[in-house]
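# Architecture at a glance
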Amino acid sequence: MIIRRLQEQDLRQAKEIWEEAFDDKPAFVEWYFRRRFRPEEGVGIFSGSRLLCNLHLVPYRIRLRGRSIPTAYLVGLATREEYRRQGLAKSLLTFALRSLREKGVFFTFLMPFAIPFYTRLGWGICGQHRIYLLPPGTKFPAEKDPGTVAVKDSAPDPAVLDRIYQTWSSHFDGCLLRTEEDWDGLLFDHFLDGGEVWLLKEAGAGPTAYALFYPGTEENLLRETAYLTPAAGGRLMEHLAARNGKPLVWSAPDAVLPLPLPEPEEVKPVFLGRITDLKAALEFPAYPPGPPGTWRLRVEDPLLPENNGVFLLARKGDGKMEVTPARGAKADLACAIGDLARLLSGTISPEEAIKNRLLTGDEKLAAFFLRLFPKGGLYINDYF
């Protein structure tokens, strides 16, 4: 068996494996392999010319700790049925993480088919959604309506949506930075599943909010909404919550939103994150300036020995961090690679991390170290 990048002649087999493993509509599969997926973004395990297992590494850019970085969305990990439970997926994931590391990608993410499968291999929860239930007749207090109207748009201009999305998402750390191709894919998938796009338009201002909306038989689903002002977002949600007498379910960012919302029905883990290069990941953030200090951190990584062991973390006076291996040294602190991904992404607060003993060792050092990673959280809402 060999592991290598996919080539054009491998697409037919990659599509076969996708259709066997996933319950997607034929129209989406055809579109995905014709328009979205490029063979050089895939890796696979082959026996001769037969593709046994494959994975797609979809390139994205993401805002992490206030800075834009290249990343990859791991999509479509699947193995032919007769070759499952032989460790092929684990081997392919290791190959994929190393190939991303070589390209300078130190953080990657995926939507898991089973969370325990990935967390035991070093992934951590990095993207959560708050699920809100807004009953019919929901109202948000606002100043006088400046003349707004909600309209359904069957052919929305992605540039208009992106303008609103960029302004709205700038308030959250971790949002995907969508390209025109990303918007085309998102809207294709949304309309294919019977979704609608609604815009809130203000007199003399054009669209100030949008919603990706699914009308349902028992409840309506607000897949995504973005707005230029909280008042615009509130007015559009009021309109959708009053549409057909059914409650509106909103899958929202796990963040403080400038709207008087009820307590969420649940906080749902949706995406997992993975560090591929420990040194690059810890040297990346712009840490707040402070007194120099050093720590010896032991990290456990079940897939990548390069990230496994004790590392010396030297914090400079300007806040920059230098990370070097310190093999054999005694550690001051210890952390699993998946929990470090949670801290880096801001999904868990320092207080929660200490309480749950995700970082163990010297308590004073742990508390100071965790203050370097304030809670922020990623908001990812693209599913391929």
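The sections below set out a description of the structure shown in this document. Just so it is clear, the structure is predicted and the values come from calculations on it, not from any experiment. (Residues numbered from 1 in each chain as written. Predicted model: local features only at pLDDT ≥ 70, side-chain atom pairs only at ≥ 80, totals over all residues. Heavy atoms only, no water.)

### Some remarks on the overall build of the chain
Counting its secondary structure elements, the chain contains 11 helices and 17 strands. For 384 residues, the compact-globule formula gives about 21 Å, and the C-alpha radius of gyration of the chain, at 22 Å, lands near that figure. Oriented by its inertia axes, the alpha-carbon framework of the chain measures out at about 65 × 55 × 35 Å. When the 384 residues of the chain are sorted by exposure, 53% land in the buried category. A separation of at least 24 residues holds for 73% of the contacts in the chain among residues at least 6 apart in sequence. Put simply, the chain has 49 plus and 49 minus side-chain charges, and the middle of one group is 5 Å from the middle of the other. (Helix = DSSP H or I, 4+ residues; strand = E, 2+ residues; numbered from the N terminus. Rg over C-alpha atoms; globule rule 2.2 N^0.38 Å. Buried < 20%, exposed > 50% of the residue type's maximum accessible area, 1.4 Å probe, protein only. Contact = heavy atoms within 4.5 Å. Lys, Arg positive; Asp, Glu negative; His and termini not counted. Charge placed at Lys NZ, Arg CZ, Asp CG, Glu CD.)

### Re the sheet that holds strand S9 (residues 206-214)
Two orientations exist for strands paired in a sheet by backbone hydrogen bonds: parallel and antiparallel. The strand order across the open sheet built from 12 strands is S1-S2-S3-S4-S5-S12-S6-S11-S10-S9-S8-S7, with neighbouring strands paired in mixed fashion. Bordering the open sheet on either side are strand S1 (2-5) and strand S7 (148-152), each of which pairs with just one other strand. For this sheet, the mean inter-axis angle between neighbouring strands, taken without regard to orientation, is 30°. Pairing between S1 and strand S2 (residues 42-47): four bridges, direction antiparallel. By the bridge assignment for S2, isoleucine 3 is matched with isoleucine 45. (Pairing = 2+ DSSP bridges. Axes fitted to C-alpha atoms, helices over the stretch in contact; angles between N-to-C directions.)

### As for the packing of aromatic side chains
Throughout the structure, instances matching the rule amount to 27 aromatic pairs. Considering the side-chain rings of tryptophan 168 and tyrosine 379, the 5.6 Å spacing of their centres and the 80° angle between planes classify their relative orientation as edge-to-face. Of this pair, tryptophan 168 sits in helix H5 (residues 158-169) while tyrosine 379 is found in the segment after helix H11 (363-370), placing the two residues 211 residues apart along the sequence. Residue class for tryptophan 168 comes out buried when judged on its relative accessible area of 2%. Residue classification places tyrosine 379 among the buried positions, given a relative accessible area of 2%. Ring-pair connections join several aromatic residues into one group, and the members of that group are Trp18, Phe22, Phe28, Trp31, Tyr32, Phe33, Phe37 and Phe188. The side chain of arginine 4 reaches across the aromatic face of phenylalanine 46, ending 3.8 Å from its centre. Its end group placed over the ring of tyrosine 165, arginine 178 keeps NZ or CZ at 4.1 Å from the ring centre. (Phe/Tyr/Trp six-rings, centres within 6.5 Å; stacked < 30°, edge-to-face > 60°. Lys NZ or Arg CZ within 6 Å of the ring centre and 35° of its normal.)

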